[in-house]
Amino acid sequence: MLGSVKKTLFGVLCLGALCLRGLMAEPDAKELVNLGIESVKKQDFAQAKAHFEKACELKEGFGCVFLGAFYEEGKGVGKDLKKAIQFYTKGCELNDGYGCRLLGNLYYNGQGVSKDAKKASQYYSKSCELNHAEGCTVLGSLHHYGVGMPKDLRKALDLYEKACDLKDSPGCINAGYMYGVAKNFKEAIVRYSKACELKDGRGCYNLGVMQYNAQGTTKDEKQAVENFKKGCKSSVKEACDALKELKIEL
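Below, the structure is looked at part by part. (Residues numbered from 1 in each chain as written. Predicted model: local features only at pLDDT ≥ 70, side-chain atom pairs only at ≥ 80, totals over all residues. Heavy atoms only, no water.)

### Some thoughts on the overall build of the protein
Right, so step 1: A tally of regular secondary structure across the protein gives 14 helices and 0 strands.
Right, so step 2: Ordered by position from N to C terminus, the α and β elements of the protein give α-α-α-α-α-α-α-α-α-α-α-α-α-α.
Right, so step 3: In terms of C-alpha radius of gyration, the protein reaches 26 Å, well past the compact-globule figure of 18 Å for 250 residues.
Right, so step 4: For the protein, the spread of C-alpha atoms along the three principal axes comes to 95 × 50 × 30 Å.
Right, so step 5: The buried share among the 250 residues of the protein stands at 40%.
Right, so step 6: For the protein, the proportion of contacts with a sequence separation of at least 24, taken over those separated by at least 6, is 39%.
Right, so step 7: For the protein, the computed accessible surface area is about 14,400 Å², with 54% contributed by carbon and sulfur atoms. (Helix = DSSP H or I, 4+ residues; strand = E, 2+ residues; numbered from the N terminus. Rg over C-alpha atoms; globule rule 2.2 N^0.38 Å. Buried < 20%, exposed > 50% of the residue type's maximum accessible area, 1.4 Å probe, protein only. Contact = heavy atoms within 4.5 Å. Areas by Shrake-Rupley, 256 points an atom, 1.4 Å probe, with all protein chains shown as cover.)

### Describing the nonpolar core
Right, so step 1: Core analysis: the largest hydrophobic core is formed by 34 residues, its most contacted members being Phe52, Phe70, Tyr88 and Leu103.
Right, so step 2: If you list the elements that add at least two residues to this core, you get helix H2 (29-41), helix H3 (45-57), helix H4 (61-73), helix H5 (81-93), helix H6 (97-109), helix H7 (117-129), helix H8 (133-145) and helix H9 (153-165).
Right, so step 3: When residues of this core are assigned to their parent elements, the largest contribution, 6 residues, is made by H4.
Right, so step 4: Each residue touching Tyr88, except ones within four places of it in the same chain, is listed here: Val65, Gly68, Ala69, Glu72, Gly99, Leu102, Leu103 and Leu106.
Right, so step 5: Of all hydrophobic cores here, the second largest spans 15 residues; its members include Cys172, Tyr179, Ala188 and Ile189. (Core = buried A, V, L, I, M, F, W, Y, C linked by side-chain atoms within 4.5 Å.)

### Focus: the pattern of salt bridges
Right, so step 1: Within this structure, the stated rule accounts for 11 salt bridges.
Right, so step 2: For the salt bridge of Arg154 with Asp158, the shortest nitrogen-to-oxygen distance reads 2.9 Å. With a gap of 4 residues between them, Arg154 and Asp158 both fall in helix H9, about one helical turn apart.
Right, so step 3: Residue class for Arg154 comes out exposed when judged on its relative accessible area of 52%.
Right, so step 4: Of the residues examined, Asp158 reaches a relative accessible area of 38% and is grouped as partly exposed. (Salt bridge = Lys/Arg side-chain N within 4 Å of Asp/Glu carboxyl O.)

### A word on the layout of surface pockets
Right, so step 1: Counted as a void, the largest pocket has a volume near 190 Å³.
Right, so step 2: Those elements giving two or more residues to the lining of the largest pocket turn out to be H4 and H6.
Right, so step 3: At 7 residues, H4 tops the list of elements feeding residues into the lining of the largest pocket.
Right, so step 4: Looking at the lining of the largest pocket, its residues break down into 10 nonpolar, 1 polar and 3 charged.
Right, so step 5: Taken together, Ile173, Asn174, Gly176, Tyr177, Gly180, Phe185, Ala188, Tyr192, Asn206, Val209, Met210 and Gln215 make up the lining of the second largest pocket. (1 Å grid on protein atoms, 1.4 Å probe; cavity = no way out; pocket = protein on both sides within 12 Å on 5 of 7 lines; lining within 4 Å. Points joined across faces, edges and corners; volume = space filled by probe spheres on them. Nonpolar A, V, L, I, M, F, W, Y, C, P; charged D, E, K, R; others polar.)

Geometric descriptors of this kind do not, in isolation, establish any biological role.
Structure follows, in structure tokens:
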């Protein structure tokens, strides 16, 4: 009798395990992207590609963008700019700002497509609308220098400011530069300070120059030197040169 009870319990446990396996969910699109990223870290590009393909099929834009990057760089696949464009386009259509920016880069540089600054600007614009900071900075530069559109310094500054708010240090530096040109040194210092806080050595160097020259602040050689050191440690040549000129070792 006891033996038959054991068999019955074993049978139930087995059925339960089978049921559990049957109910286990497949990875969702975002999980597939994370699995793909982990595979990339292990240099297993074939497995990463499989995860990103599945994520892209499930309409996860970031998965499509990763595939595009694989084809642009030739990682785990043959380099194919047409396919890169195809996947960046799909990513952008799925509202991935990074994909829109990378697509804009290809049009701006004429890689796999005819060079078209105006079309590039449209993709950068969508990237920025999706709060992709680097898209805002690049679009700001196009407005700043009138590339593919009329020159518009007000628009350029607004875009740099948005990028800076989104923690893009080049956006902060560009905004700081524009304030500096306009002799609004206090605002320039705020932007360079933020770039320095974001670990961008160029921001630290520019901030140090303003502190050393008493632009928008009282002269502070000690703090200027500290910022030159930060810049030099980040391989900013001008910062290293400033330290040499002041005869200060890093």
